[in-house]
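# Architecture at a glance
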Amino acid sequence: MTDIDRASNRPSGRMNGGRALAEMLRLAGVGPMFGMGGFQLLPFYDALAQLGMRHFLINDERCGAFAAEAYARVTNRPGVCDGTLGPGATNLVTGLIEALNAGTPMIALAGDTNRAHSWKNMTQECRQAEILRPAVKELIRVELTSRVPELLRRAFAVATSGRPGPVLLDVPEDVCHGEHDFAAEDFSIDPTTLNAPARRIRPDRADIGRAAALIGRAKRPLILVGGGIHLSAGYEALLAFAEAQSIPIAHTMSGKGGIACTHPLSIGLFGRYSRIANELIEASDCLLVVGCKLGEIATKRYALPPESIPLIHLDILAEEIGRCRPATVALWGDARAGLEDLAEALADDANGTRAARADYIAEIPAQMGAWRQEAAARLDSSERPIHMARLCRELNLALPADSILVADGGFAGHWTGLLYDTKSPGRHFIPDRGLASIGYGLPGGIGAALAAPQTPVVAITGDGGFNMMLGELETARRAGIGLTIVVVNNAASGYVKALQHAMFRGRYQSSDLVEMDYAAIARAIGCSGVRVEDPERLGAALREGLAERTRPTVLDIVVTRDPARMLPAVDNRTVEIRQGDRVA
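All of these numbers come straight from a predicted model, not from anything done at the bench. Residue positions are given per chain, counted from 1 along the sequence in the order it is written. Whole-chain, interface and lining totals are the exception, using all residues; otherwise, since this is a predicted model, local features are given only for residues with pLDDT of at least 70 and side-chain atom pairs are given and counted only at 80 or more. The side-chain numbers reported here are obtained from all heavy atoms of the structure, hydrogens and water having been left aside.

A run of H or I in DSSP becomes a helix once it reaches four residues, and a run of E becomes a strand once it reaches two; helices and strands are each numbered from the N terminus. In terms of helices and strands, the protein chain carries 24 helices and 20 strands. Expected size for 584 residues packed as a compact globule is a radius of gyration near 25 Å; at 24 Å, the protein chain falls within 12% of this value. Only protein chains enter the calculation, and the probe is 1.4 Å; a residue is then buried if its accessible area is under 20% of its type maximum, exposed if over 50%, and partly exposed in between. Expressed as a percentage of its 584 residues, the buried residues of the protein chain come to 59%. Any pair of residues with heavy atoms lying within 4.5 Å of one another is described as a contacting pair. For the protein chain, restricting intrachain contacts to residue pairs at least 6 apart in sequence, the fraction spanning at least 24 positions comes to 76%. Accessible surface, the protein chain as shown: approximately 21,700 Å² in total, 51% of it carbon and sulfur. In the protein chain, 62 side chains carry a positive charge and 67 a negative one; their mean positions are 2 Å apart. Atoms counted for the radius of gyration: C-alpha only. Globule rule: 2.2 Å times residue count to the power 0.38. For the accessible areas, the method is Shrake-Rupley and the probe is 1.4 Å, while residue cover comes only from the protein chains on display. Within this scheme the basic residues Lys and Arg register as positive and the acidic residues Asp and Glu register as negative, but His and the chain ends are omitted. Throughout, a charge is located at the NZ atom of Lys, the CZ atom of Arg, the CG atom of Asp or the CD atom of Glu.

By secondary structure assignment, the location of glycine 333 is in the loop between strand S14 (329-332) and helix H14 (335-346). With 156 residues separating them along the chain, glycine 333 and histidine 177 place their C-alpha atoms 42 Å apart. Setting aside its immediate chain neighbours within four residues, glycine 333 contacts Ile201, Pro203, Leu314, Asp315 and Ile316.

This part is about the sheet that holds strand S11 (residues 266-269). Ordered by their spatial adjacency, six strands build an open sheet running S11-S10-S9-S12-S13-S14, and the pairing between neighbours is parallel. Strands at the two margins of the open sheet, each flanked by one partner only, are S11 and S14. Sheet twist, expressed as the mean angle between neighbouring strand axes with direction ignored, is 15°. Between any two strands, at least two bridges found by DSSP are needed for them to pair. Looking at chain direction, strand S10 (residues 249-251) and S11 are connected through three bridges and run parallel. In the sheet register, isoleucine 249 faces S11, and the bridge partner there is serine 266. Between the N-to-C directions of two axes lies an angle of 0 to 180 degrees, each axis being a line fitted to C-alpha atoms and, for a helix, fitted only over the stretch in contact. Helix-sheet contacts for H14 involve strand S12 (286-290), strand S13 (311-315) and S14, and the interaxial angle to S12 is about 145°.

By the element assignment, threonine 560 lies in the segment after strand S20 (553-558). Among residues more than four places away in sequence, those in contact with threonine 560 are Pro385, Ile386, Asn490, Arg565 and Met566. Polar contacts, as used here, are pairs of N or O atoms within 3.5 Å; protein pairs need one atom able to donate a hydrogen and one able to accept it. Residues neighboring in sequence count only if both atoms are side-chain atoms. Within the local environment of threonine 560, its side chain forms a polar contact with the backbone nitrogen of aspartate 562, the two atoms lying 3.1 Å apart.

Paired rings are identified among Phe, Tyr and Trp, the last through its six-membered ring, by centres lying within 6.5 Å, and are further divided according to the angle between planes into stacked (under 30 degrees), edge-to-face (over 60) and tilted (the rest). In total, this model carries six aromatic pairs according to the counting rule given. Here the aromatic rings of phenylalanine 466 and tyrosine 518 are separated by 5.5 Å at their centres, their planes lie at 80°, and the arrangement is edge-to-face. Here the residue phenylalanine 466 occupies a position in helix H20 (residues 463-469), and tyrosine 518 occupies one in helix H23 (residues 518-525), the gap between them amounting to 52 residues. Given the relative accessible area of 0%, tyrosine 518 is considered buried. Positioned over the ring face of tryptophan 119 is arginine 127, at 5.6 Å from the centre of the ring. Note that lysine 497 overlies the ring of tyrosine 508, its terminal NZ or CZ placed 5.1 Å from the centroid. Definition used: whenever NZ (Lys) or CZ (Arg) falls within 6 Å of the ring centre and also within 35 degrees of the ring normal, the charge is taken to sit over that ring.

It is at 10 Å that the axes of helix H17 (residues 388-398) and helix H18 (residues 411-419) come closest, and there the two elements cross at 60°. When the interaxial angle is binned, H17 and H18 end up oblique. Regarding H17 and H18, the two cross each other, and that crossing is right-handed. Here H17 contributes Met388, Ala389, Cys392, Leu395 and Asn396 to the contact with H18, which in turn contributes Phe411, Trp415, Thr416 and Leu419. When residues are grouped by polarity, Ala, Val, Leu, Ile, Met, Phe, Trp, Tyr, Cys and Pro land in nonpolar, Asp, Glu, Lys and Arg in charged, and all others, Gly among them, in polar. Within the contact of H17 with H18, the residues separate by chemical class into seven nonpolar, two polar and no charged. The scheme is simple: roughly parallel for angles under 35 degrees, roughly antiparallel for over 145, roughly perpendicular for 65 to 115, oblique for anything else. Take the far helix as your reference; a near helix turned counterclockwise from it by less than a right angle gives a left-handed crossing, and one turned clockwise gives a right-handed crossing.

As a further point, take the packing of helix H12 (residues 235-245) against H14. A pair of packed helices is captured by two measures, namely the crossing angle of their axes and the spacing between those axes. Interhelical geometry of H12 versus H14 gives an angle of 25° and a closest axis separation of 9 Å. What the angle tells us is that H12 and H14 run roughly parallel. In the packing of H12 onto H14, the handedness of the crossing is left-handed. Residues Ala237, Leu238, Phe241 and Gln245 of H12 lie in contact with H14, whose contacting residues are Arg336, Leu339, Glu340, Leu342, Ala343 and Leu346. The residue makeup of the contact of H12 with H14, split by class, is seven nonpolar, one polar and two charged.

Moving on to the sheet that holds strand S15 (residues 404-407). Strand order in the open sheet made by the six strands is S16-S15-S17-S18-S20-S19, with parallel pairing throughout. Every interior strand has two partners, whereas the edge strands, strand S16 (429-431) and strand S19 (528-532), have only one. Between one strand and the next, the sheet's axes are offset by a mean angle of 15°, whatever the strand orientation. Pairing analysis gives six bridges linking strand S18 (residues 484-489) to S20, with the strands arranged parallel. Paired with isoleucine 485 across the bridge in S20 is valine 554. Here helix H24 (residues 538-547) sits on the sheet and contacts strand S17 (457-462), S18, S19 and S20; the angle it forms with S19, its principal contact strand, is near 170°.

Moving on to the pairing of S18. Summarising burial for S18: six of the six residues are buried, a large majority. With five bridges joining them, S17 and S18 adopt parallel strand pairing. For valine 458, the partnering residue across the bridge sits in S18 and is threonine 484.

See the structure below:
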């Protein structure tokens, strides 16, 4: 919707608060919404129906929050979800914290009690504002029906500015059902706040100069990219800077896709699991960290990188700089803007710099080739049950460059984080690393598929995560989306069982699941279902799923049951520590 369309489509007259909410969301041009109705928000639901806006009933509010969060990651526009009073609102918490930690713009609506009877033990009443406030960037309580447009306008500004995040509007029943005479001027919204980032700030010029001097002198610099590169949409700036300065790029799971994984300067994942990146970090003489919090997984529980290496930290959130690792130079600002400024500061010497780093850059193909040779036995494995690395290889072969892979927390996310290759820059790999909640895969896939209906979308989840969200397969079927869901079926809570194996020498507790035929379950719900036990069938099954565009396809992939082989590599938390050892 253009600015002219918004100005000419402003409603006016007497309407209830629910209609005012819907009219503002219409003007904002929001995408599909996700929720489960209750009495408090029924006027809002009625208005959505009258206005012809897309809203999907989900079977659990947590799934609605996950779907909205994934939609926002694909589009960089706020995803919208809702929950009714009490359990509906509190069920949103996990998805909201995922968005808060990941910096994803979202708008959540929560119905609340009629204020005339609050704190009189109303049905489903609880301290929901206190519960939800720590889960969001800002909680806005709407106390007057007349202020609905104003406060929803405020919610968009907060959600998309600075480091994006979720904003919750707490809407009492009497505010949603109450009426007010609105003027057309009440319904306005700043179009710059409808996408993240709404505002870009640039690092201080003096700090840019100090950082440029460090990078310019370095012989073996590295760029470490986190999820902030997606929030900034800084792909072109990152690639231009790295190519101009001949600097390799490593990424976190959230940062995958900052540049294509297939680009010669990409050295893959760093941290807990790595191809060649960790060794290159150890040997570096200057690190530029872009939009990355340097948390536990990225640093192998804070053992990486060595503090002796000069570190430049560029981040939109000033308080993240230096939290986990002291920064030699702090660059507070937008990732794209900061990279553009660094490129400008170093432009004059770029030709000489590239020549000086030619031997350094030439090391990367050889090291990556050696890694691929070492990994080939796993990637090409013909064993049954299927090896996870072989599944990742087949995903690499089957998924086109524009596809989106949504990865659930734990087992599925770590394997694909290490071995799946994006083929072009952008949000083509979506892991839920904000909170790493199990169960994100299916609802996240729904949100991504609705955000990019012409794009092939695959969601990969463990059987444990799929069990949590099985009801949302009905949602996906009802929505008529051609989503492919890959269920990694190892009849276990795989990550937990693997850790128990490493730490307790084969003593397992509460980590085994009943063997299920998820393909048969999918067919019973009206979806397509394919069970795959032979690795040679993986490619055909994936292509079959991608070709189905009118309903979901569940690929039930039977993978290894051996807990000693369930992780991509050794998790450093399970290493036996002896005096003098350095755990990394």
